[in-house]
Amino acid sequence: MWDESLVPSINYSGEGCLALPKLNLQFLTLHDYLLRNFNLFRLESTYEIREDIQEAVPHLLAYVNNEGETAFRGWSRMAVPIKEFRITEVKQPNIGEVKPSVVTAKVTFSISSYKAQIRSEWNALKEHDVLFLLSIRPSFEPLSSEEASNASVPQKLGLQYVRGCEIVEVRDEDGTLMNDFTGRIKRDEWKPPKGDLRTVTIALDTAQYHMDVSDIAETGADDVYGTFNILMRRKPKENNFKAILESIRDLMNETCIVPKWLHDILLGYGDPSAAQWTNMPDLIKKVDFKDTFLDAAHVIESFPNYKVRFINSDGTDNSNPCPPFRIKFPENLESMVHALPGNVISTQTSNDGSSMQDDHSDKVELVVEAYVPPDPGPYPQDQPKQNSVRFTPTQVGVILSGVQPGLTMVVGPPGTGKTDTAVQILNVLYHNCPSQRTLIITHSNQALNDLFEKIMERDVPARYLLRLGQGEQELATELDFSRQGRVNAMLVRRLELLSEVERLARSLQLPEDVGYTCETASYFWLLHVYSRWELFLAACAQNQDKPTFIQDRFPFKEFFSNTAKPIFAAESFEKDMRTAKGCFRHLQTMFQELEECRAFELLKSTVDRSNYLMTKQAKIVAMTCTHAALKRKDFLHLGFKYDNLLMEESAQILEIETFIPMLLQRQEDDRARLKRCILIGDHHQLPPVVKNMAFQKYSHMDQSLFTRFVRLGIPYIELNAQGRARPSLARLYNWRYKDLGDLSYVKENEIFQRANSGFSYDYQLVDVPDFHGRGESAPSPWFYQNEGEAEYIVSVYMYMRLLGYPASKISILTTYNGQKLLIRDVINRRCVPYDFIGPPHKVATVDKFQGQQNDFILLSLVRSRFVGHLRDVRRLVVAMSRARLGLYVFCRRSLFEQCYELQPTFQLLLQRPDHLSLNLNEFTTFTDRHVEDTGPVQLVSGIEEMANIVNYKMHQVYQARVTSYQSDQYSAYPGQSAMEIDASEENGTENTEPSVGEMDLDNGTEKDASLPPDATSNGSAHLDASVEENRDV
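Residues numbered from 1 in each chain as written. Predicted model: local features only at pLDDT ≥ 70, side-chain atom pairs only at ≥ 80, totals over all residues. Heavy atoms only, no water.

*Asks:* If you had to explain the overall build of the protein to someone new, which residues and values would you point to?
*Replies:* The secondary structure content of the protein amounts to 34 helices and 31 strands. Out of the 1033 residues belonging to the protein, those deemed buried represent 53%. Within the protein, contacts between residues separated by at least 24 positions form 77% of all contacts whose residues are at least 6 apart in sequence. Working note: accessible area of the protein is about 47,200 Å², and carbon and sulfur atoms make up 50% of it. (Helix = DSSP H or I, 4+ residues; strand = E, 2+ residues; numbered from the N terminus. Buried < 20%, exposed > 50% of the residue type's maximum accessible area, 1.4 Å probe, protein only. Contact = heavy atoms within 4.5 Å. Areas by Shrake-Rupley, 256 points an atom, 1.4 Å probe, with all protein chains shown as cover.)

*Asks:* Could you give me a rundown of the sheet that holds strand β13 (residues 364–370), with the residues and numbers involved?
*Replies:* Spatially, β10-β12-β13-β11 is the arrangement adopted by the 4 strands of the open sheet, whose pairing is mixed. Unpaired on one side and paired on the other, β10 (286–288) and β11 (306–311) mark the two borders of the sheet. Between one strand axis and the next, the sheet turns through 25 degrees on average, direction left out of account. As paired elements, strand β12 (residues 325–328) and β13 share 4 bridges and run antiparallel to each other. Of the residues in β13, the one forming a bridge with K328 is V367. (Pairing = 2+ DSSP bridges. Axes fitted to C-alpha atoms, helices over the stretch in contact; angles between N-to-C directions.)

*Asks:* Quick rundown of the environment of P81? Include the residues and the values.
*Replies:* Among the structural elements, P81 can be located in strand β3 (residues 79–90). Among residues more than four places away in sequence, those in contact with P81 are F72, F109, N229 and I230.

*Asks:* Quick one: what's the story with the pairing of strand β4 (residues 103–110), residue by residue and with numbers?
*Replies:* The side chains of a regular strand alternate, residue by residue, between the two faces of the sheet. The buried fraction of β4 amounts to 7 of the 8 residues, a majority that puts the element mostly inside the structure. Bridge count between β3 and β4: 7 bridges; the pairing is antiparallel. Across the sheet, the residue bridging to I82 is F109, located in β4. Across 7 bridges, the pairing between β4 and strand β8 (residues 197–204) is antiparallel.

*Asks:* Go over the packing of helix α11 (residues 393–403) against helix α12 (residues 418–432), please, and point to the residues and values.
*Replies:* Two elements in contact, α11 and α12, have axes whose closest approach is 9 Å; the angle formed by their N-to-C orientations is 40 degrees. It follows that α11 is oblique to α12 by the angle criterion. Like other packed secondary-structure pairs, α11 and α12 cross with a definite hand, here right-handed. In this structure, α11 uses Q395, V398, I399, G402 and V403 to contact α12, whose residues at the interface are T421, Q424, I425, V428 and L429. Class assignment of the residues belonging to the contact of α11 with α12 gives a composition of 6 nonpolar, 4 polar and no charged. (Parallel < 35°, antiparallel > 145°, perpendicular 65-115°, else oblique. Left-handed = near helix turned anticlockwise from the far one by under 90°. Nonpolar A, V, L, I, M, F, W, Y, C, P; charged D, E, K, R; others polar.)

*Asks:* Describe helix α6 (residues 241–253), naming the residues involved and giving the relevant values.
*Replies:* End to end, α6 covers 18 Å across 13 residues, agreeing with the expected 18 Å (1.5 Å per residue, within 8%). Among the residues of α6, F241, A243, I244, L245, S247, I248, D250, L251 and M252 are the ones counted as buried. On its buried face, α6 sits against α1 (30–56), β5 (130–136), α19 (625–630), α20 (632–638) and α21 (655–659). (Expected span 1.5 Å × (residues − 1).)

*Asks:* Hey, could you go over the side chain of Q764 for me, with residue numbers and the actual values?
*Replies:* By the secondary structure assignment, Q764 is in strand β23 (residues 763–767). Judged by relative accessible area, Q764 falls into the buried class, the value being 0%. Side-chain polar atoms of Q764 contact the backbone oxygen of P913, separated by 3.0 Å. Setting aside residues up to four positions removed in sequence, Q764 forms contacts with L887, Y888, V889, L909, R912, P913, H915, L916 and S917. (Polar contact = N/O pair within 3.5 Å; in protein donor to acceptor, adjacent residues only side chain to side chain.)

*Asks:* Hey, could you go over helix α15 (residues 518–542) for me, with residue numbers and the actual values?
*Replies:* Taking 1.5 Å of rise per residue, 25 residues should cover 36 Å, and α15 covers 35 Å from first to last C-alpha, within 8% of that figure. Along α15, the helix axis deviates most sharply at W525, where the bend reaches about 40 degrees. On the buried face of α15, the contacting elements are α14 (483–507), α16 (549–553) and α17 (573–602). (Bend = angle between axes of the 7 residues up to and from the residue.)

*Asks:* I'd like a description of the sheet that holds strand β15 (residues 438–442), backed by residues and values.
*Replies:* Spatial ordering of the open sheet is given by β16-β17-β15-β18-β19-β14-β20, a layout of 7 strands whose pairing is parallel. Either end of the sheet is taken by a strand with one partner, and the two such strands are β16 (465–467) and β20 (717–718). Pairing of β16 with strand β17 (residues 620–624), which is carried by 3 bridges, proceeds in the parallel orientation. What sits directly across from R467, in β17, is A622.

*Asks:* Let's hear about the packing of aromatic side chains: which residues, and what values?
*Replies:* Taken as a whole and judged by the stated rule, the model has 43 aromatic pairs. Relative to F584, the ring of W525 lies with its centre 5.5 Å away and its plane at 20 degrees, an arrangement referred to as stacked. Placement of the pair is W525 in helix α15 and F584 in helix α17, with a sequence separation of 59 residues. Per residue, the accessibility class of W525 equals that of F584, and both read buried. The ring of F559 carries the charged tip of R503 above its face, separated from the ring centre by 4.0 Å. Positioned over the ring face of Y763 is R912, at 3.8 Å from the centre of the ring. (Phe/Tyr/Trp six-rings, centres within 6.5 Å; stacked < 30°, edge-to-face > 60°. Lys NZ or Arg CZ within 6 Å of the ring centre and 35° of its normal.)

*Asks:* Break down a nonpolar patch on the surface for me, citing the residues and quoting the values.
*Replies:* Judged by side-chain polarity, Y523, L526 and L527 come together as a nonpolar surface patch covering roughly 350 Å² of accessible area. Tracing the backbone through its elements, the reader meets L527 in helix α15. (Patch = residues over 30% accessible without salt bridge, like charges linked within 9 Å, V, L, I, M, F, W, Y side chains within 5 Å. Salt bridge = Lys/Arg side-chain N within 4 Å of Asp/Glu carboxyl O.)

*Asks:* A description of unusual backbone geometry should follow, citing residues and the corresponding values.
*Replies:* Omega for the peptide link from P323 to P324 comes to 5 degrees, which places this bond in the cis form. Among the secondary structure elements, P324 is positioned in the loop between β11 and β12. Positive phi, close to 50 degrees, is recorded for L61, a residue that is not glycine. As for its position among the elements, L61 is in the loop between α1 and β1 (62–64). In this model, H772 sits at a positive phi of 55 degrees, which is unusual for a non-glycine residue.

*Asks:* Before we move on, could you go through the pairing of β23 and cite the residues and values that matter?
*Replies:* Among the 5 residues that make up β23, 4 are buried, leaving the element largely enclosed by the rest of the structure. Relative to strand β29 (residues 883–891), β23 is paired through 5 bridges, and the arrangement is parallel. Its bridge partner being in β29, Y763 is matched across the sheet by L887.

*Asks:* Requested: an account of the environment of Q685, with residues and values cited.
*Replies:* Locating Q685 in the fold gives a position in the loop between β19 (676–681) and α22 (693–697). When the C-alpha atoms of Q685 and G851 are compared, they prove to be 9.7 Å apart, with 166 residues separating the residues in sequence. Within the local environment of Q685, its side chain forms a polar contact with the side chain of D682, the two groups lying 2.8 Å apart. Within polar-contact distance, the side chain of Q685 engages the side chain of R882 at 3.4 Å.

*Asks:* Any details on the pattern of salt bridges? Residues and values, ideally.
*Replies:* Think of it this way: side chains of opposite charge can pair up when their charged atoms draw near. Scanning all chains against the criterion turns up 53 salt bridges. The salt bridge involving E121 is made with R77; its shortest N-O contact spans 2.6 Å. With a gap of 44 residues between them, E121 in helix α2 (residues 116–123) and R77 in the loop between β2 (70–72) and β3 connect regions that are remote in the sequence. Since its relative accessible area comes to 37%, R77 is described here as partly exposed. The residue R493 makes a salt bridge to E496 at a minimum N-O spacing of 3.1 Å.

Any functional reading would require information that these geometric values do not contain.
Okay, here's the thing in structure tokens:
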């Protein structure tokens, strides 16, 4: 693990050759592609495990006690001493093999020394988690400085052996099974774990065990398995390497069939545009766009290079068209402007105005059919949910490309509506190809939840949606979209529908037992419901001249008598017939749902039901790329099938983790079922995380499949209008994109027109000098902190909260983990104790905040000696594009203004003063001031003056509270004089709160923030003391 020739350390300079495979633009075969990825992924995982061991072991403070045995003085969150280790079973080898088929062992450890939070982490261990057994034997005498400098890492740590193992089961002190997902313990029988001892049954690596035992027998080596004294775990999100490597290995060992249209492009050969939809067979000639277009003008805007002609369903011209629209595309699709690569489409859409003035004669005619959708039914819940987003021409081009077969590549700069566009693709695809199934893959749970919450707002029935993986519980919805939640929802829905069937039977004067099961309901539908409808239609055909005929003869009138208003107006035969068909459609949908519920009636076990739901029922299945790689074997075993793949954040996903989701299904007749692949991402933002610099720089492991396709010249569509940030803020990053403009919404909406109250500017760079003689510091390698920036940024946050800005609208970002933890410490000390301030919405690193946004961003760049990893322009783009209304950057001006790579952004930032400019005449969040009007400017000289301003405002808040408290007391005791109240105030409430200047006390605790402080305390009197205390973090 510590062999530098195999796993180079982080210090790789970028010079010289390494014995490592590379991920370039082209590959020889799929096997070559998979093998390179397999080797690199294995080495990167080894490096990460190695780093985790180096992090966890030193905290244990191992030493040799008087008995000559290894003991531990310290403790570690991720590693625990082993009480007992014994091998329990070694099974006979399989035929043709020499290694045992199974080796299991039991490990016992205690969690008594841990706090509740860490205990719960150890208690959360479950089947298939990977743990590590360490054998530590420190030297009897501490290493001298010379020996330590020459010693390897294992020698310094006293590390003898490392072996991996996989959990089979976990039991508590009483031997009760914990975290069982196999169904052996029912949910209602679950009890919290007892005692502090935990016994884990583990499966060891059989090949490694055979080698170790052979060594002992042949060379008399130490018995490795008798020396283990530490059990180490890793963070669950970072510990998925085994399942992913197994998935890659399985792909290498089976005939891997990639769709023909994608095969050559994946390997980097052939015509880059071969998989573009205009070059694909089996196109959908007439696309029903449903609610994509808001009106006829929207259609004309969306196809500027076409002469749009509206017709009715019968082919006659329509002079007053209304949505929804179906569009029939001409044969010569190569001329479609929306199919062109992003760089061409950008220039053409920017000239829309001029092209509209051209003569229409040279334009291809586009026939748009405006049709009247059938009546959905008489109840409010029957009405489809409508889209309200006015998609831009480029977004319509993306939707069109995504609905057609082939590869669609979408570059989505920050705030350009990637998620809305993706959701509309899914919506239109579901209605045009209702039998097809779509798989959604994202990098993060956050993005998946955002996407899912928007899909639920569209006209896709909830019963066809399924969310797999661990992040489902974070969905901001009352509905449960996990497998278990969907099964429960189907069972509840079955009972609701059967009661409706009983009501229908009653209304037809038939026995109610037809609603006993889904099966009896289906017979009832054929015998009594459908037959009545056919007789009714036959009678209608002969009586079309009678306007009241339908009202008199409709067979299900009594069933629909509970609608808000009478269903038939008896004004015209046609209107009533449309309504009658809507009512019948409601019944049809009801019995169709019951037919879908029938499987859940027949299948009795929860596992069978949930598997049926995943493989047959769900039309849109969503998961993260990690979950797809982890569960590939299960998907193949269950016969999971899908026709379309939509991948969000695909520029943030490792190449191999993008490839695996394309192959989660067995092949049919030597051909791949996959028809569409839609990749949405932004290669100008941060790439996948690869911790080892050698793999990142030399092997290009951080190159995503999306970025490789862009580099290969595969056509893509670049979204070209942002609707997130003020146009002034967007200028800080839109130089990185071709023709990225602003939607009219951000130019005209009042919230984007008004200034940020209390601040002169909507964005500013604030120069932070050394604080108490120090700039950046690094308590440990790569763990950078800057105390001055942390104190300044928290003071500005407090100032914003005291003006009334909601905490949920403010996020604090930084470029280093060390600074993130320091800022959290300062917030816990200075903000959390006060109920009217509290913590901000998020304190995070720029890298972790990618894909998220907030109204106001306070950004700390930390470094004061070297620019560091912000030199990567992709990180700068992410940092600058998170804010909607206000961005305040705290950094060392002299350092960053000289960085060549960051010039376009910093030149804009430095056009404004580099001291924070406040408007102290504004006391609340409301202001009528225009965003370009600075008002009276107060330049803040530095951290001390900012603290002074905050203290003064805190004092004002306290004075207001004292006044309100006194008036409450006066109204509570009307007989008392004001003098007595003042006396009781002085005696009873003195020292219940820290005084204003003492808000920075290190203990960070206080009694009750709702009580007033001593009314005579002076905020500025204690300023020097508070600034002095700020030092000690």
